[in-house]
Structures are given as structure tokens and as C-alpha cells.
Amino acid sequence: MKAIRRLTVRPVLPDPLRPLSDLARNLRWSWHPETRDLFQSVDPECWTASGRDPVRLLGTVPPARLAELAEDRRFLRRLTAVADDLDHYMSGDRWYQAQPGRLPAAVAYFSPEFGITAALPQYSGGLGILAGDHLKAASDLGVPLVGVGLLYRHGYFRQSLSRDGWQQEHYPVLDPHELPLAPLKETDGTPAHVALALPGGRELRARVWLAQVGRVPLLLLDSDVEENDPGERGVTDRLYGGGSEHRLLQEMLLGIGGVRAVRAYCRLTGHAAPEVFHTNEGHAGFLGLERIAELCDEGLEFGAALEAVRAGTVFTTHTPVPAGIDRFDRELVGRHFGPDSELPRIDVERVLRLGMETYPGGEPNLFNMAVMGLRLAQRANGVSLLHGGVSRGMFAGLWPGFDAEEVPITSVTNGVHAPTWVAPEVFRLGARQIGVQRAEDALAVGGSDRWDSVADIPDQDIWELRRTLRAQLVEEVRERLRASWRQRGAGTAELGWIDDALDPDVLTIGFARRVPSYKRLTLMLRDRDRLMELLLHPERPIQIVVAGKAHPADDGGKRLVQELVRFADDPRVRHRIVFLPDYGMAMAQKLYPGCDIWLNNPLRPLEACGTSGMKAALNGCLNLSVLDGWWDEWYQPDFGWAIPTADGAGTDPDRRDAIEANALYDLLEQRITPRFYERGASGLPDRWLEMVRRTLSLLGPKVLAGRMVREYVERLYAPAAEAHRAMDPDSARGLAEWKARVRAAWPGVSVDHVETSAASASAELGTTLGLRVRVKLGDLAPEDVEVQAVSGRVDSEDRITDAAKVPLKPVGGPDLEGRWVYEGPLALDRTGPFGYTVRVLPAHRLLASGVETGLVAVPSGDLVEAAGLLMR
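Given the structure is predicted, the values throughout are model-derived calculations rather than measurements.

A. Seen up close, the packing of helix α9 (residues 244-269) against helix α10 (residues 287-297). As a packed pair, α9 and α10 sit with axes 7 Å apart at the nearest point and diverge in direction by 55 degrees. With respect to each other, α9 and α10 are oriented oblique. Between α9 and α10 lies a crossing whose hand is right-handed. Here G255, I256, V259, R260 and R263 of α9 come into contact with α10, specifically with L287, E290, R291 and E294. Taken together, the residues of the contact of α9 with α10 break down into three nonpolar, one polar and five charged.

Here's what the structure looks like:
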């Protein structure tokens, strides 16, 4: 019979065991081995059956076992030690508290998904895992972050396979009361809510749930409340589900409702109000509108409020392709804002202008969430050095007149939270070398450029560790294969072959990620005969473990999964290549450490960062990847292998795949497998182990989320907080009025005349020329602008590369025609073809850069010809 109602019955813990409840409710257990070991010792069988989830564990342990533990002095001593450790972790000073200067009192971090632990399945892929690692690293560093997201009642889908290998989706219902969450409550004990106004006088209400991620509170908004109509209750049903209006409502709830949730949390707990708001991708971009509305309610005009909000906002873009950005029809967005809907105090046309693609190549009737994110943030970044460059090119239309290199989007290369992703066996080997506390600090906080102590670990120990991890993966794979084949309808008699699937002594390659077409899941199948030869080589075989989910609406991705599965089902190779369905955090934590090679073969440059290879590297796995994302930035032959790319404009996609697949086979055949299987005088693969050692010692410190979050603090959060403090109401009004005046006057600004002291078109290195420029400023004054000389080497088309910029100074007052003369030195500091130009930019003390306004005046074509602006 089926129950008509479901309740969650919580256990009553004996008083001596009460600290177990606090330990279970703080998600630090997900990356703290001692806490997990404690829960495992409560009841090992229940621990395994609960999916290693302490909240579920405590709900299933028999009362007799709890009574027994309450009398167990040894267990109680362990419980006290772990509880005291958590208390010290939560209250003690950490890296952030030791930094000089006035750092932000708090930072609000918004993301549509968070991958904290498999016990809280609120993620689909890399964006969510990155957000979870960001929160964990912030906690370890003591950064006063507040996370904000949505609570999806179905999470992302669970994946299984049909008999013929087609992906099938399942959406289990999640009960918040069975998750490591607590409701945020008002002072009278009632649940805290936020509400959004909808067209037609309707309302969208959401409850606020709190997940404690170490020191960091994570607020999750849940629309499945009785006060909502059925349509509104389903707004937070699924991650990345539904049509355009459904997605728009999710993003309004995340951005606008999220700010309201933060305000409620700070009011109820006394937490410091955020000085900086960080939006992780454009999904949360509406948070800027809500903050503008707050300031308008306090008396600021829209323009001044916009400047104040921009000063304290950081925007991170993760996508390298326009198709990856949420865009909504103008009319749909307009219907949800204005007098009859949300933010009625703000003119709907002003809302729309923030997101419209009003630049060459844009679609003027589409509202672009990333464009709004950039317009509402004074600081923006991509997630790797290469992706920063791609983003500057992709969004250059927002800053017309500037070269893509000058577009104000920097980069902070992603990192991964080592305590989450490093296998316990790897950690114990490091702790044996340098001690537990130093090992914990090295992984969580980082700060050093190299881990030199890895050099002292004997080769034999590293090799035994690698084989142990590989053997654990083999057992995990066999267990998951059996479960998958049973789901596909296979009987026990058909599954005997699984006992011999994979081999703990064979070179193991991992490939696991989402399955959009650009990640090329099936590139390895390009030449199946050649792949079979590699898999079945009599002396140097390889084995491959593959996992990944296609989006439910992506039939093309599902066909790729099916193609791979059908190949892996072939009895000739199924002991050497496997596909594991339902890729998630729990699987990943076994997969990364157990592989010898991590394979990544996207279409360059479409992988913004790609952090899975970082997690593998921290466990001594070598990377085999296209030079894209982070690998393009940090690749060295010491750390693995680069797959050559055929990404020239004239190469058609089919030929490109063929070339790159052949390069992959060649590397495996000629360089990788020989190195893994060859043995030195010690009987060990000396050259392979040297690469493992260098990966751990030199690459390990780079890929840490602790390094990433420190960079965010120093390069983005601290400057944003400083700009936020400087933008008091009077300053915000002044800046808004100044921008309006400059924009109105800019058509009257021009470069009229340029001359130098050069006598010829060639000069010696080290020469300094005198530069004299005459400019018209129209209704502006010299203090409103900066006149710059821009110089550097020039390419064959006379474009200046690696430009140096030097401000010129006004000489005297304006002439009778209102023109100003500027002078300055021009240093010829590079040999070869050298060029210069001049330009005029707006200048104000509260601008983050001269590029910010998107305004620039340069010499006309005629003037360039006359001035002879090139020297060779």
C-alpha cells in the first residue's frame, strides 16, 4: 500500500550524544575525515546503507545502539574531540582574519547550483561543483561568505540506461526535512519567507532553508510552500528545467528573492551585511536590480543607485559561447517588471536597457542575462587565462572602440577543494611525511608554490599507493556495473563477466563530465579498430572508465552516450572499457584517484576551465588533454600530455575530429603506454613515477580552491569593498551626473593634431621623442578626461600589440577655438616595427578603469595618414 502522507520522524538522541546532531548538520563532515570516521563507527552497516549521510544515518540507527554508545566512554571521548575541533574551526581566526587592510565585512555569493556533497544533490555539473568548492575554501580561509541558491525538490535527474543503452531520467522527490538543512526562522519561531510580485496580482513565496557549510551559511530558496498556487509551487522543482518563463521566474527568485533572503538572514542572526555581491554566472543577475530598488527606496535616483550597486558587484562568466547564456524575450521580461509586477518603483524600460543586446551583432529583442550581469558589475572575470581572453572577445561589443584585450574582464583560474577531492590514502601519505596539521593547511589554505616534501616520498610508496587506488576503483566499477546491468534487465547468469571487468594492474584512463557535443565524448571511438588494439594490446593494454550525463532535452548528447555504451557492451572489449551511469560526486570521489590518466578532449577553446583534471592531478593522476581551459595555462610535459589541435579556420569539423583523434591514439600508443609499462632498475616505472611526483609537487599547489578564493579576495572582493565604501549617496549622485554629462558632451571630443620631434621614420632603441597633441574637449574640461599616448610593436596590418599607455599633460589653457594642447615623452623601448597613436578617455576617481564607460576618441583616418603614426 502507498502512504497518503509522508512524515520525517527524527531520533531522540541521548544527552551524551547530542553533539552528533550538530556535527551532522554542519556539512564540514563532507570534507573532514575524522568526523566521517566517527559517524561510520556509530553503525558501519547503517553508514553504508545511508549513502554515508550522517542525517540519514541518525534516522536509522536502532535506539538500542544509541543507548549503548551513550555509555561507551571511548566513543564519547572521540565525540568530544571531534565536536571541540568543529567549535575551534568555527570560531578561531583563520587566513582572512590575519590579512592587513580593511577587507569586506561580508560577501554574498549567488549561484544557481551548489555541489557540496552527494547528500545534498543540488548540482548538475562543473558550475555547481565549483560553487560548492568556493564555499568550502572560503570556510577554510575564514572568508565571511554567505551563499545563496535555490532548493530544487527534484534536484538534477538521476540517470540510468535502457537495455539498448539509451539514457533514461528519473526525478526522485527530495524532502528538505531529510536533508542536512534547517529552516530559517523568524523571532516568533515561524519559517522565514520571501515573496515576489507576479503579474495579475499574484505572488510567489519561498521558504528559506539554511545549510551550514563549515563557517559559511548557504541560503536555499524553496517555492514548494502551501501559500503558492500549483504553478508557483513548481518554480523550484528542477534544476535547469522548464520553459522560458519557468527559467525567468527561477532567476528572479534567485536574484531578487536571494537578496531579500540575505537581508532576512542578517536581520535574524546579526551577521554582517554584505559589502560585496558576487554573481556566479548570469543566472543571478537580477540581484543588482533588487539592490538598486533598495537604494531608490532610500531616496537615491536610479542612475546614482546603479553606480552604487555596480561598485560592490563582481560578475563571473563561465561560458565561452553565446549559446550557453540565458536569453529571454523582451516582452516576457517586461511583463514581469513594472507597476503591476516586481520592482514597481523602477521604470521597466530602464530594467530592459540593462539586458538588451544593443551592440553590433546583438539581437535587439532579446534580454541577455550575462550582458545585464556585466552592466551591473564594476568587476568581472572569466575562469581561466584563456577563457578571460575568449570572454573579452565575446563581450567586446559592450565596449565599442576598444581592442578586445582592453575589455575590462580579467580572469581568476578555477581551483578545486583538495580536502573534498583528495583520497584519504593520498592525504595519509602526505601527513606521514609532514604531519597532519601541515598537510591539512597545505591542502586547504595553500600559499606555497611547490610541495617540496613530495620529493622525499619513496618511489615504492607512491607506486603502492597508485595500485591501491586503482584496485579500489576496479571494485567500485564492478559493483556499479552489476547494478547498472540489473537495471537494464540482465539476469544473474549474464553477469559473470563482470568479475573480470578491469584489472588493477592495467593503465587506467578516466573520462567523466557532462555530455554536450563540444566535449566530444565519442572522439575516442573515431577509429574503433585502433582503439580495440590499444585496449587489447598483449603487453601494454589500456582500460577506460567513462561516465557522464546528457541534458534531458539534448537528444544529440543522448545519442553520444548510447554510441559509447554500445561499444562498451561488445563482449570483446567490455572487460576493458565501461560506461558508468549516474555520474555524481560520490562516484567522482572514487574515480579521480583511481585513474592513471585523465582524458579531456573538448573543441578548443570551448572549455572555460574544466576542473575535473585538477581533482585527478591532486591524486597523482596525469592529464592527457587538449590545450584548453586551465590545461592551456599550466601544461608542462612534466604533468602529462597535450593533444595537438587542428582548430584553424579552414578545417572542417569532421577533418578536425579525425586529426585530433589520430593524435590521441599516437600519444597513447607511442608515448604514454610505453612509459607506464617500462621498468627501471628498481623494477618500478621510474619515469612515470617522476611525472606523478612532479604533478603533485608543482601542479598541486596551483589547482587549489584556496588559491582561487585568495585571488578573489585580493583582486576582486577587496577592491569592490573599497569602491562600495567610497560610493556614499553624494558620491554616487556625483558619478551618475558626471557620466550623463560626459556622454552628452562626448560627440564634441576629438583629436585634432598629432606631431612628434622625430625627423625620420626610423630611430634608435632608447630614443625618447617629444609628442604634442591638440584635442577638442567641447563642453568638457581637462579634469574630465585623460589623453594617452599608446605605443608598442605593430603587426603587418599596423595594429599595436602589447601596448604601453602613457598619460599626456595639458600645456596652458584652451586656444580661441577651445582646443587644448597636450605634451609628453614617447619612449622607443622596443626594436623592430614600432607604432603609436593617441586617444582621449573619460577620467574620474571612482571609475575602475578608463575603459569602463565605453567612450573613446581617436585620431581620424585622415589625421593618421597625415601624421605618419608608424615608425619602422
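B. View of the environment of I800. Here I800 is to be found in strand β26 (residues 800-807). When its relative accessible area of 18% is taken as the criterion, I800 is described as buried. In this structure I800 touches V790, S791, G792, R793, V794, G835, Y836 and T837, once residues within four positions along its chain are discounted.

C. View of helix α13 (residues 348-355). Those residues of α13 that fall on the buried side of the exposure criterion are V351, L352, L354 and G355. Seen from one end, α13 has its buried residues packed into an arc of 155 degrees, which puts them on one side. Looking at the buried side of α13, the elements it contacts are α10, α11 (302-311), α12 (330-335), β14 (366-368) and α14 (369-375).

D. Fine view of the packing of aromatic side chains. Within the structure shown, the criterion is met by 19 aromatic pairs. With 5.3 Å between their ring centres and 70 degrees between their planes, W630 and W631 make a pair best called edge-to-face. Side by side, W630 and W631 carry an identical accessibility label, which is buried. Through successive ring pairs, a cluster of aromatic residues spans W463, W641, F676, Y677 and W688. Residue placement shows R28 over the ring face of Y89; its charged tip is 4.1 Å from the ring centre.

E. Molecular detail of empty space enclosed by the protein. For the structure on display, the rule yields six cavities of 30 Å³ or more. Within this model, the largest cavity holds a volume of roughly 80 Å³. As for the largest cavity, its lining consists of 13 residues, and the residues nearest its centre are L481, W485, R488, D569 and F579. Counting residues per element, the ones that place at least two in the lining of the largest cavity are α19 (459-487), α21 (555-569) and β19 (577-580). In terms of residue class, the lining of the largest cavity is built from nine nonpolar, one polar and three charged. In this structure, the second largest cavity encloses a volume near 60 Å³. Lining the second largest cavity are P112, L150, Y152, Y240, R247, Q250, E251, L254 and H283.

F. Quick peek at the layout of surface pockets. Computed from the structure, the second largest pocket encloses a volume of approximately 840 Å³. Among the secondary structure elements, those contributing two or more residues to the lining of the second largest pocket are α11, α13, α14 and α28 (729-745). Looking at the lining of the second largest pocket element by element, the count peaks at five residues for α11. Partitioning the lining of the second largest pocket into residue classes produces 13 nonpolar, five polar and eight charged.

G. Fine view of the nonpolar core. Grouped together as the largest cluster of nonpolar side chains are 110 residues, with contacts concentrated most on M524, L624 and W688. With sequence-adjacent residues up to four places away left out, M524 is seen in contact with F511, L531, I544, V546, L564, I577, L599, L664 and Y665. Core analysis: the next-biggest nonpolar cluster, separate from the first, contains 98 residues, L254, F277, V787 and L846 among them.

Each value, and the rule that gives it
Residues numbered from 1 in each chain as written. Predicted model: local features only at pLDDT ≥ 70, side-chain atom pairs only at ≥ 80, totals over all residues. Heavy atoms only, no water. Axes fitted to C-alpha atoms, helices over the stretch in contact; angles between N-to-C directions. Helix = DSSP H or I, 4+ residues; strand = E, 2+ residues; numbered from the N terminus. Parallel < 35°, antiparallel > 145°, perpendicular 65-115°, else oblique. Left-handed = near helix turned anticlockwise from the far one by under 90°. Contact = heavy atoms within 4.5 Å. Nonpolar A, V, L, I, M, F, W, Y, C, P; charged D, E, K, R; others polar. Buried < 20%, exposed > 50% of the residue type's maximum accessible area, 1.4 Å probe, protein only. Arc of directions from axis to C-beta. Phe/Tyr/Trp six-rings, centres within 6.5 Å; stacked < 30°, edge-to-face > 60°. Lys NZ or Arg CZ within 6 Å of the ring centre and 35° of its normal. 1 Å grid on protein atoms, 1.4 Å probe; cavity = no way out; pocket = protein on both sides within 12 Å on 5 of 7 lines; lining within 4 Å. Points joined across faces, edges and corners; volume = space filled by probe spheres on them. Core = buried A, V, L, I, M, F, W, Y, C linked by side-chain atoms within 4.5 Å.

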